[in-house]
Amino acid sequence: ATDPKLHKLSESDQQISELELKAYHLVEYALKEDRLVSYNLVHKITRVNDDKAIEMNNRIYLPLAEFAQMMVTKVRVINSKGQVKELRNEDIKDGVNEETKVAYRYFALEGLDKGSEIESLMVIEQNADIYGKIFFLQDNTPKKNVGFKMITPANLVFKKKSYNGLPVLTDSLMSDGRNISVIAMDSVPGLKEEAFAVYKPHLMQLIIKLDENKTTGKKNLVNYMDVSQSIYDIVHESQDKSTSKNIQKLLKLINVSDKLSQDDKIRKVENYLKTNFVVSENANYKTLPDILEYKATDEVGITKLFAALLDLLTINYQIVLTSNRENLKFDPEFEAYNFLDTYLLYFPDNKKYMCPGSLTSRLNCIPY
């Protein structure tokens, strides 16, 4: 509205510290220069009723995703007297997290008092995530007038699944043939975080993925059969003679006796690698020659090295990918790549698991 007014709240709503009076998310997928992009519009109106809520909302942080472009940013505050202050792009401030050194941008909201409302509208363009995208429609703040809408090209069919009581999307066609899917709820309760309790997997959420392209006739586009071959090829990196020789030297250095049981052979290899190699998600050494030379790599790289040594020992193993259950509970009935987050190795002969990327865990005692 060009002339916004404060919403009238019931007595019970006025007792809530923080209340979202509008929570609307529109995502539209469209072709742009022969690539699929997504436009995300997020519109929120938040009422702050006490000092705690004011403190929690005195900044609005702007998303800084890779390959993302902020197209529209509008923020305004209506104080308890009905006075409106609009913030502009020149009001955006820059900051750096002292611990992580990560840069961020934000609006500093001044003049907030009890009974103020904060309204924000943002539109972001980014590369479309078609392999498994999660949208959360719940957090710790109670919400009213909650809506989610997804618009997709006429030839693309997306699969969607709702979790934790979130309604199923209602599908229909627009006049121009595009697909539209909608969720509308009068209210969503806030879900409070509890110490030592899993939180995010219990929030109302939606997962979507591309399933069919009617133009090409291809169906089941995101599936574990196809990705399994890619994962196998990544982990079983081809080796030249020099690399193969160096892996054999490493195995000789580890000194795995033929007399050991299979479990003890695995433990010997695991203990050596996790004692002598550094594993970091920011490591630049990803190929076997570099990993062997610099003794540092990421989770995929250390899994490669484990696989190469286990192959030499002719130990039967399987590559496993799963999700961190504190962030996302694995759903065996919905094949999406965001469930494929963490590497494990499974040894079917003794029915035990091992986590290559965890330096503190050991065989059959993987991170909880």
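Bear in mind the structure is a predicted one, so any value in this text is a computation, not a measurement.

Engineer: How would you sum up the environment of Ile-234? Please name residues and give values.
Structural biologist: Relative to the helices and strands, Ile-234 is located in helix α3 (residues 224-235). In this structure the C-alpha to C-alpha distance between Ile-234 and Asp-3, which are 231 residues apart in sequence, comes to 57 Å. Discounting chain neighbours no more than four positions away, the residues touching Ile-234 are Val-300 and Lys-304.

Engineer: Give me the lowdown on the environment of Arg-105, citing residues and values where you can.
Structural biologist: Mapped onto the secondary structure, Arg-105 falls in strand β7 (residues 103-108). Once the C-alpha coordinates of Arg-105 and Lys-93 are considered, the two residues, twelve residues apart in sequence, prove to be 5.6 Å apart. A distance of 2.9 Å separates the side chain of Arg-105 from the side chain of Asp-94, its partner in a polar contact.

Engineer: So, the nonpolar core: which residues are in play, and what are the values?
Structural biologist: Nonpolar side chains tend to gather and get buried jointly when the protein is soluble and globular. Counting 41 residues, the largest nonpolar core has Leu-250, Leu-273, Phe-277, Leu-305, Leu-309, Phe-339 and Phe-347 as its most contacted members. Mapped by element, the contributors of at least two residues to this core are α3, α4 (241-254), α5 (262-276), α6 (288-294), α7 (299-312) and β19 (342-347). Not counting residues within four places of it along the chain, the set of residues in contact with Leu-273 comprises Leu-250, Leu-305, Phe-306 and Leu-309. Counting residues in hydrophobic clusters, the runner-up holds 22 residues, among them Tyr-29, Leu-36, Ile-130 and Phe-135.

Engineer: Run through the sheet that holds β19, naming residues and quoting values.
Structural biologist: The three strands are arranged β18-β19-β20 in an open sheet whose pairing can be described as antiparallel. Two strands bound the open sheet, and with one partner strand each, they are β18 (318-322) and β20 (352-354). Averaged over all adjacent pairs, the angle separating strand axes in this sheet is 35°, with direction ignored. In this sheet, β20 lies alongside β19 in antiparallel orientation, the contact comprising three bridges. Across the sheet, Leu-345 pairs through a bridge with Met-354, a residue of β20. Packing against the sheet, α5 makes contact with β19 and β20, and its axis sits at approximately 10° to β20.

Engineer: Which residues make up α4, and what values do they have?
Structural biologist: Between its first and last C-alpha, α4 extends 20 Å over 14 residues, near the 20 Å set by a 1.5 Å rise per residue. Among all positions in α4, only Thr-243, Ile-247, Leu-250, Leu-251 and Ile-254 are buried. The buried residues of α4 all sit within an arc of 100° when viewed along its axis, so they share a single face. Counted as exposed and oriented over 90 degrees from the buried face of α4: Lys-241, Lys-245, Lys-249, Lys-252 and Leu-253. Next to the buried residues of α4 lie α5, α6 and α7. In the stretch just after α4, Asn-255 is the one whose phi turns positive, near 65°.

Engineer: With reference to specific residues and values, describe the pattern of salt bridges.
Structural biologist: When their charged atoms lie close together, side chains carrying opposite charge are able to pair. According to the stated counting rule, one finds 21 salt bridges in the structure shown. A salt bridge links Lys-143 to Glu-20; its shortest N-O distance comes to 3.0 Å. Linking Lys-143 in strand β10 (residues 143-152) with Glu-20 in strand β1 (residues 18-32), this pair joins segments that are 123 residues apart in sequence. Each member of the pair, Lys-143 as well as Glu-20, carries the same accessibility label: buried.

How each quantity is defined
- Residues numbered from 1 in each chain as written.
- Predicted model: local features only at pLDDT ≥ 70, side-chain atom pairs only at ≥ 80, totals over all residues.
- Heavy atoms only, no water.
- Helix = DSSP H or I, 4+ residues; strand = E, 2+ residues; numbered from the N terminus.
- Contact = heavy atoms within 4.5 Å.
- Polar contact = N/O pair within 3.5 Å; in protein donor to acceptor, adjacent residues only side chain to side chain.
- Core = buried A, V, L, I, M, F, W, Y, C linked by side-chain atoms within 4.5 Å.
- Buried < 20%, exposed > 50% of the residue type's maximum accessible area, 1.4 Å probe, protein only.
- Pairing = 2+ DSSP bridges.
- Axes fitted to C-alpha atoms, helices over the stretch in contact; angles between N-to-C directions.
- Expected span 1.5 Å × (residues − 1).
- Arc of directions from axis to C-beta.
- Salt bridge = Lys/Arg side-chain N within 4 Å of Asp/Glu carboxyl O.

These figures come from the coordinates and say nothing about function on their own.
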